[in-house]
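One letter stands for each residue in the lines below.
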Amino acid sequence: MILPGATIGVLGGGQLGRMFTLAAKVMGYQVVVLDPDPASPAGQVANVHLKADYRDAVALLRMGSLCDAVTTEFENVPATSLDMLAKHCLVAPSPQALAVAQDRLMEKSRAREFGCDTAPFANIESEADLAQAWHEIGAPALLKTRRLGYDGKGQARVNSLDELAAAFAELGNVPCLLEGFLPLEREVSVVLARNQADEIAFFPLAENQHRDGILDISIVPARVPEKLADDARRMAAGLAHGLDYVGVMAVEFFLLRGEANASNENTPGRIVFNEMAPRPHNSGHYTLDACATDQFQQQVRALCGLTLGDPRLLSPVVMVNLLGDVWTPQPDWNTLLRHPGVQLHLYGKAEARPGRKMGHYNCLAPDLADALALALETRAALGIGA
Ligand code: AMP
């Protein structure tokens, strides 16, 4: 167990690293952040900010010698950096778990192995694989780069073999997955924490709505039948256990539309795994104000080998993301903050750019319908389009 007073570290100084750092400091830990950006959101609040590249051996050595344990806020950390750090301190999640999250083929294959349903998928390494993949998946389909895709980037919808070939070239002939395009009813996520003792704590399911491929709002509790929520938790736990995962992870699922059966009744639909994030997640930011323990306190607890905190939901909540698009030059904070049920979180980013995550706010109300109404009303008042 690594107890308060000790020093812990995070690779990456974005908003997730910042919220981890703040949570750790509240609990009495010292925090080291590694991020090359001198103005990084987490660097601003850390005890020590190492301003160096993620592959910088000297900085990694310093981090490893200062810290008892290190975690990460992003999945694409170079494996060699994690291996270097792991020689000096505890690293969680493990380099192996991160490697799975870095590659959609590995991710979906392991997810299936550990009991998750997924969309049908086929691997495409080169042009030679296109025809076979098309034969297996067929129209409609989504082509996704295996690596470095995020917020809907690095993917294309295709309806024929010709379109597939063109999209593959457009994405740079890099290794891809071709996925069957599924009839989505809703998108939901499960944020969970697992510790070394194989204890798992689930935060309530979030129902997520996106705009232009970026998360827009999360509605909690998600409006899905309890049986399907159980399926999502079971699959997420199977994956966490199978990967021997230690830390907080988010698992994104699709709820598929039910189909009319022989007697013309609608079947209830089905839960299908989409992807995992080996870290806290944007769709878990509602926990900051609405749960007994939030996802960043939980990340500290899991990393430090403590008992996991109570993930219970204390109030219905709707989270709204604030992107740089509404900085013209600043959102009208008064409009937002005159509502007592609104909790604002800004990430300390000086420069606002379209699509850049600048902050979020949580709308709390005793009733989910009221929380949603408050979210939609404030969102419209801030000029975030419908
Ligand atoms: P991803 O990068 O895999 O999270 O995909 C980005 C978005 O594309 C998801 O949030 C879904 O809205 C949509 N999407 C991804 N995969 C599929 C699929 N197999 N079928 C239908 N929609 C999908």
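Residues numbered from 1 in each chain as written. Predicted model: local features only at pLDDT ≥ 70, side-chain atom pairs only at ≥ 80, totals over all residues. Heavy atoms only, no water.

Asks: Even after reading the chapter, I still don't get the overall build of the protein chain, so can you show me in this structure?
Replies: When helices and strands are counted, the protein chain shows twelve helices and 18 strands. On C-alpha atoms alone, the protein chain measures out to a radius of gyration of 21 Å, which is about the 21 Å that the 2.2 N^0.38 rule sets for 386 residues. Taken along the three principal axes of its C-alpha coordinates, the protein chain extends 60 × 50 × 45 Å. Buried positions account for 55% of the 386 residues belonging to the protein chain. For the protein chain, restricting intrachain contacts to residue pairs at least 6 apart in sequence, the fraction spanning at least 24 positions comes to 63%. As presented, the protein chain carries roughly 16200 Å² of accessible surface, and 51% of it is formed by carbon and sulfur atoms. (Helix = DSSP H or I, 4+ residues; strand = E, 2+ residues; numbered from the N terminus. Rg over C-alpha atoms; globule rule 2.2 N^0.38 Å. Buried < 20%, exposed > 50% of the residue type's maximum accessible area, 1.4 Å probe, protein only. Contact = heavy atoms within 4.5 Å. Areas by Shrake-Rupley, 256 points an atom, 1.4 Å probe, with all protein chains shown as cover.)

Asks: Would you mind showing me how to read the nonpolar core here?
Replies: When a protein is soluble and globular, its nonpolar side chains tend to lie buried together. If you look at the biggest cluster of nonpolar residues, it comprises 27 residues, and the most contacted ones within it are Leu205, Met249, Phe253, Ile271, Phe273 and Met276. Every element with two or more residues in this core is listed here: α4 (95-102), β10 (184-194), α8 (226-242), β14 (247-256) and β15 (270-277). For this core, the element with the most residues is α8, which contributes seven residues. With residues near it in sequence (within four places) discarded, isoleucine 271 still touches Asp117, Val188, Leu228, Asp231, Ala232, Met235, Phe253, Phe254 and Leu255. Within the second largest apolar cluster, 23 residues are counted, among which are Ala6, Ile8, Ala23 and Val246. (Core = buried A, V, L, I, M, F, W, Y, C linked by side-chain atoms within 4.5 Å.)

Asks: Whenever I open this one, the sheet that holds strand β2 (residues 30-34) confuses me. Can you help?
Replies: As a general point, the strands of a sheet are linked pairwise by backbone hydrogen bonds and lie either parallel or antiparallel. The strand order β3-β2-β1-β4-β5 describes an open sheet built from five strands, whose pairing is parallel. Either end of the sheet is taken by a strand with one partner, and the two such strands are β3 (48-50) and β5 (90-91). Direction of pairing for strand β4 (residues 69-72) relative to β5: parallel, over a ladder of two bridges. By the bridge assignment, alanine 69 is partnered in β5 with leucine 90. Packing against the sheet, helix α1 (residues 15-26) makes contact with β1 (7-11), β2 and β4, and its axis sits at approximately 170° to β1. (Pairing = 2+ DSSP bridges. Axes fitted to C-alpha atoms, helices over the stretch in contact; angles between N-to-C directions.)

Asks: Looking at this structure, I do not really get the state of the cysteines. What am I missing?
Replies: Note on terminology: disulfide describes a covalent bond linking the sulfur atoms of two cysteines. Evaluation of the coordinates by the stated rule reveals zero disulfides. Among the cysteines around cysteine 363, which has no disulfide bond, cysteine 291 carries the closest sulfur, lying 15 Å off. (Disulfide = S-S within 2.5 Å.)

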